[in-house]
Amino acid sequence: MNESLTHIFLDAFLINNFVLCVFLGMCSFLGLSGKFGTAWRMGISVMFVITVSSVLSYGSNLLLVWFHAQYLRLIVYIIIIAATVQLTEMFIRKTSPALFRELGVYLPLITTNCAVLAVPLFQTSRNYNLVQSTVFAIAASGGYCVALILLSLVRERTDLGDIPMLARGTVLTLVLASILSLAFMGFAGMGNGG
Amino acid sequence: MSETNKAIDNPFLNGLWKQNPVFVQVLGMCPTLAITNSVRNAVAMGLATTFVLTGSNGMISLIRKLVPKQVRIATYIAVIATFVTIVDYLVKAISIDVYKALGPYIPLIVANCIILERAEAYAGKRPVVKSLLDGLGMGLGFAFALSCLGTIREVLGAGTFLGFHLFGPNFEPWVLFLLPPGGFISLAVWLLTFTLWRERQAKQKQLAAESEIAQAVGAGS
């Protein structure tokens, strides 16, 4: 308990924002930020997957340490994530078929989203306890969600702008992400006090 | 048409240049942006990924007939995770410095979309030797792209190349390039350069074809 919960939250949410400062989950960040509608839905599902898999992997890490089998950590984590994604898919299909149709293609992609795998890895290497891990997971995935939504809002505007053909698509997205990331650098000062 | 056939016949060059994972397919962005603040890290990351990609491609191609279709993605991920665990310990054994610099990004190779994409699109359907070559080509193409980015960021951001100081003591490094925004912007610049170059080549080819047709028409009449 050497780090306060507020500090963990602010650190993962703003100061070291997962997408804009640590470069995790770039593929979906660049690929799915074209429309606000898809962006927030994707953000919410990633938040759900990250939180559930973080709690599950905390438990399984205890088991692995008990059996002295830490070298299996990576394989166990990725299997937990794949299972959680499958679970989310089934859950959404049952509760809201409309949302499922909307998200259909993107759901399996969450498995290879490195932000999802990074949360359990970071919480293990930083020795967080259960409460700290949960707060960390919520903050990190919240940061991902916010970054995705922000970029999608900007991109909806730039779609209408007069931009050279050559720079459209990925290049423009990267430039926008760079500017957003520059803005998030401003939060770095908050880290020193904690 | 003949060109695509040639590309399929030569999986190694295909991955290295024509279908370069970073500059053409825009895959595997996380390590591309996060690890390229120095050339040394970029090359180490590129080689680690090459090892995993070659190994997993070969292994998946070997077992492709045994794996039922429904569970193939889970199997692929288990194979990839195994190779990444090997690399994790390998890098730790070779150089602790590099291991510390790459940090969490070595285990995160598992979630690198290039590897799963190659397994799904290539190795799951083709014989072993071709898959190995494809993995090697794609991996080296990835390493090449990473070192391109690493060079720009290290030279501009720290004034060094592989740790050697390039400029005099009066050089004020452009630190922004070592920070996250610099990563985004330098990748954007590289992508723009490559698109421009490709576009120009395509235009030249088109012009050549048109003049050939014009000549043929002229000769015919």
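Residues numbered from 1 in each chain as written. Chains lettered and ligands numbered in written order. Predicted model: local features only at pLDDT ≥ 70, side-chain atom pairs only at ≥ 80, totals over all residues.

## Observations concerning the overall build of chain A
Argument step 1. Each helix and strand counted, chain A has nine helices and zero strands in total.
Argument step 2. Taken against the 2.2 N^0.38 rule, which gives 16 Å for 194 residues, the C-alpha radius of gyration of chain A at 18 Å falls within 12% of a compact globule.
Argument step 3. When each of the 194 residues of chain A is scored for burial, the buried share is 43%.
Argument step 4. Within chain A, contacts between residues at least 6 apart in sequence are counted, and of these 79% link residues at least 24 apart. (Helix = DSSP H or I, 4+ residues; strand = E, 2+ residues; numbered from the N terminus. Rg over C-alpha atoms; globule rule 2.2 N^0.38 Å. Buried ≥ 20, exposed ≤ 12 C-beta atoms within 10 Å, placed from the backbone. Contact = placed C-beta atoms within 7 Å.)

## Overview of the overall build of chain B
Argument step 1. In terms of regular secondary structure, chain B is built from nine helices and two strands.
Argument step 2. Counting helices and strands in the order they occur from the N terminus, chain B gives α-α-α-α-α-α-α-α-β-β-α.
Argument step 3. For chain B, the spread of C-alpha atoms along the three principal axes comes to 75 × 60 × 25 Å.
Argument step 4. Relative to all contacts within chain B whose residues are 6 or more apart in sequence, the contacts with residues 24 or more apart total 75%.

## Here we look at the interface of chain B and chain A
Argument step 1. At the interface, 33 residues of chain B touch 32 residues of chain A.
Argument step 2. Split by residue class, the side of chain B that touches chain A holds 28 nonpolar, four polar and one charged. (Nonpolar A, V, L, I, M, F, W, Y, C, P; charged D, E, K, R; others polar.)

## Quick word on the packing of helix α4 (residues 73–95) of chain A against helix α5 (residues 72–94) of chain B
Think of two packed helices as two axes; the pair is described by the angle between the axes and how far apart they sit.
Argument step 1. For the pair α4 of chain A and α5 of chain B, the least separation of the axes is 9 Å and the interaxial angle reads 155°. Our classification of the angle between α4 of chain A and α5 of chain B gives roughly antiparallel. In this structure, α4 of chain A crosses over α5 of chain B, and the sense of that crossing is right-handed. Listed contacts from α5 of chain B to L74, I75, I78 and A82 of chain A of α4 of chain A are A74, I77, A78, A81, T82, V84 and T85 of chain B.
Argument step 2. Split by residue class, the contact of α4 of chain A with α5 of chain B holds nine nonpolar, two polar and no charged. (Axes fitted to C-alpha atoms, helices over the stretch in contact; angles between N-to-C directions. Parallel < 35°, antiparallel > 145°, perpendicular 65-115°, else oblique. Left-handed = near helix turned anticlockwise from the far one by under 90°.)

## A few points about the environment of L156 of chain B
Residues and elements named next belong to chain B.
Argument step 1. Positionally, L156 belongs in helix α8 (residues 128–158).
Argument step 2. Given 16 C-beta atoms within 10 Å, L156 falls into the partly exposed group.
Argument step 3. With sequence-adjacent residues up to four places away left out, L156 is seen in contact with W174 and F177.

## A few points about unusual backbone geometry
Argument step 1. For H68 of chain A, which is not glycine, the phi dihedral falls at a positive 55°.
Argument step 2. Note that H68 of chain A resides in the loop between α3 (36–66) and α4.
Argument step 3. At V26 of chain B, a position not held by glycine, the phi torsion is positive, near 50°.
Argument step 4. Inspection of the secondary structure assignment puts V26 of chain B in the loop between α2 (11–18) and α3 (29–34).

## Some remarks on the packing of helix α7 (residues 113–123) of chain B against α8 of chain B
Residues and elements named next belong to chain B.
Argument step 1. Contact pair α7 / α8: the axes reach a minimum separation of 11 Å and the direction vectors enclose 150°. In terms of axis orientation, α7 runs roughly antiparallel to α8. Viewed along their axes, α7 and α8 form a crossing whose handedness is right-handed. Only S131, D134, G135, M138 and F142 of α8 make contact with α7, whose side of the interface consists of I114, R118, Y122 and A123.
Argument step 2. Residues that form the contact of α7 with α8 fall into these classes: five nonpolar, two polar and two charged.

## Description of the confidence of the model for chain A
Argument step 1. Chain-level pLDDT for chain A is 86 on average; 96% of the residues reach the 70-or-more range.
Argument step 2. When pLDDT is averaged over each element of chain A, helix α7 (residues 130–158) of chain A comes out on top at 93 and helix α9 (residues 190–193) of chain A at the bottom at 62. (pLDDT = per-residue confidence, 0-100.)

## Details of α3 of chain A
Residue and element names in this part refer to chain A.
Argument step 1. Given a rise of 1.5 Å per residue, 31 residues ought to cover 45 Å, and the 45 Å separating the end C-alpha atoms of α3 matches this to within 8%.
Argument step 2. All of the buried residues in α3 are A39, M42, G43, S45, V46, V49, I50, T51, S53, S54 and S57.
Argument step 3. Considering only its buried residues, α3 is in contact with α2 (26–31), α4, α5 (97–103), α6 (114–125) and α7.
Argument step 4. A positive phi of about 55° marks H68, the residue just after α3. (Expected span 1.5 Å × (residues − 1).)

## Topic: the nonpolar core
Argument step 1. Core analysis: the biggest nonpolar cluster contains 110 residues, and L117 of chain A together with I80 and V110 of chain B have the highest contact counts within it.
Argument step 2. Among the elements that make up this core, the one with the highest residue count is α8 of chain B (12 residues). (Core = buried A, V, L, I, M, F, W, Y, C linked by C-beta atoms within 7 Å.)

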